[in-house]
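Chain by chain, the residues run as shown.
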Amino acid sequence: MAEFKDKVALVTGSSRGIGRAVALELASRGAFVIVNYAQNEAAAREVLSTIGNSGGKGEIRHFDVANTTVVQDEIGKIGEQLGGLHILVNNAGITRDGLIVRMKEEDWDVVLSIDLKGVFNCTRAAAKIMMKQKYGRIINIASIIGEMGNAGQVNYSAAKAGIIGFTKSAAKELGSRAITVNAVSPGFIETDMTRNLPENIRNKYVEGIPLGRFGTPENVAKVVAFLASDDASYITGEVVRVNGGLYT
Ligand code: NAP
């Protein structure tokens, strides 16, 4: 399927988990995919070789989405060297959980910097390229925690709720240039981020999920790819939940 032939896609944090699945999905549909990571170079290389082995194309770009200057520089270079940037998936994210009274300022700051400011940094740099192209698809990965809250995650839920407001405002600003901006809000997905949940807590979450299981990274990736496609050309400012019915 060459649906995204001639499209350049940047997926932040695509060395593992949901980002990895999104990178593979977009590449399998013909996009040239930029695999971005923060620390895990070996994992990023594995993603790129999986793309190549399936006949897809892409490259790796290492940068920290929280670093404003570096992001501007890196995304500017992508636009110049690859002849544009058509799809941006703001996926990079971390957690630093703790109860509010015990939460360290640095745990608040680092989560807001990567999970929310990272979205601003990448979107601002990409929007400059997309506005000139008069085409763009921006998909931000929010979270069910930003919608329903969770004890021990004030930093993460504030960042993820922020992404939803950011998405709606950016959609209004960029719509006139045929750039759509949407969010995907996953529920509990099987990745490194959820791997260390204690068994009793995991079981409690599963009990509340109508579909009776955690989601897969691929479940999220398919929806991201839909929002990046021509089939979604009249959808913007939307939040699509992929949560097995846990929160509606
Ligand atoms: P993950 O398996 O922990 O992977 C996180 C990815 O983000 C890795 O590729 C990591 O790169 C990258 N990353 C971290 N900090 C970065 C930075 N400063 N700059 C660039 N890349 C960075 O996480 P995941 O579960 O796939 O989560 C992906 C997104 O989905 C996150 O935004 C998360 O909040 C959201 N989400 C996840 C769930 C879930 O249940 N898993 C639910 C809702 C929303 P390295 O490999 O180099 O560390």
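Residues numbered from 1 in each chain as written. Predicted model: local features only at pLDDT ≥ 70, side-chain atom pairs only at ≥ 80, totals over all residues. Heavy atoms only, no water.

Asker: Lay out the side chain of R202 with the relevant residues and their values.
Answerer: Inspection of the secondary structure puts R202 in helix α8 (residues 199-207). Exposure remark for R202: the relative accessible area of 16% places this residue in the buried category. Here the side chain of R202 touches T194 through a polar contact of 3.4 Å, landing on its backbone oxygen. Apart from the residues lying within four places of it in its own chain, the contact partners of R202 are E190, T194, R195 and F214. (Helix = DSSP H or I, 4+ residues; strand = E, 2+ residues; numbered from the N terminus. Buried < 20%, exposed > 50% of the residue type's maximum accessible area, 1.4 Å probe, protein only. Polar contact = N/O pair within 3.5 Å; in protein donor to acceptor, adjacent residues only side chain to side chain. Contact = heavy atoms within 4.5 Å.)

Asker: Outline the packing of helix α4 (residues 105-133) against helix α6 (residues 154-174), supporting the account with residue identities and numerical values.
Answerer: One can describe the packing of α4 onto α6 by two numbers: an axis separation of 8 Å at closest approach and a directional angle of 15°. For the element pair α4 / α6, the angle class is roughly parallel. Handedness of the α4/α6 crossing: right-handed. In this structure, α4 uses D107, W108, V111, L112, D115, L116, V119, F120, T123, A127 and M131 to contact α6, whose residues at the interface are V154, N155, Y156, A158, A159, K160, G162, I163, F166 and L174. (Axes fitted to C-alpha atoms, helices over the stretch in contact; angles between N-to-C directions. Parallel < 35°, antiparallel > 145°, perpendicular 65-115°, else oblique. Left-handed = near helix turned anticlockwise from the far one by under 90°.)

Asker: If you had to explain the site of the ligand to someone new, which residues and values would you point to?
Answerer: The environment of the ligand is made up of 32 residues, and the closest members are S15, Q39, N91, Y156 and T191. Contact distances for the ligand include 2.8 Å between an oxygen atom and a side-chain N or O atom of R16. In isolation the ligand exposes 900 Å². Once the protein is present, 95% of that is buried. When contributions to the shell around the ligand are tallied by element, the ones reaching two or more residues are α1 (17-28), β2 (32-37), α6 and α7 (192-195). Per element, the largest residue contribution to the shell around the ligand is three residues, and it comes from α7. Of the residues contributing to the shell around the ligand, the split by class is 15 nonpolar, 13 polar and four charged. (Near = heavy atom within 4 Å. Areas by Shrake-Rupley, 256 points an atom, 1.4 Å probe, with all protein chains shown as cover. Nonpolar A, V, L, I, M, F, W, Y, C, P; charged D, E, K, R; others polar.)

Asker: Tell me about the packing of α1 against helix α2 (residues 41-53), residues and numbers included.
Answerer: Each pair of packed helices can be summarised by the angle the axes make with each other and by the distance between the axes. Two elements in contact, α1 and α2, have axes separated by 10 Å at closest approach and are oriented at 20°. Taken together, the axes of α1 and α2 lie roughly parallel to each other. In this structure, the crossing between α1 and α2 has a hand that is right-handed. In this structure, α1 uses R20, A23, L24 and A27 to contact α2, whose residues at the interface are E46, V47, T50 and I51. Counted by class, the contact of α1 with α2 contains five nonpolar, one polar and two charged residues.

In short, the description is geometric, and any link to function would need to be established separately.
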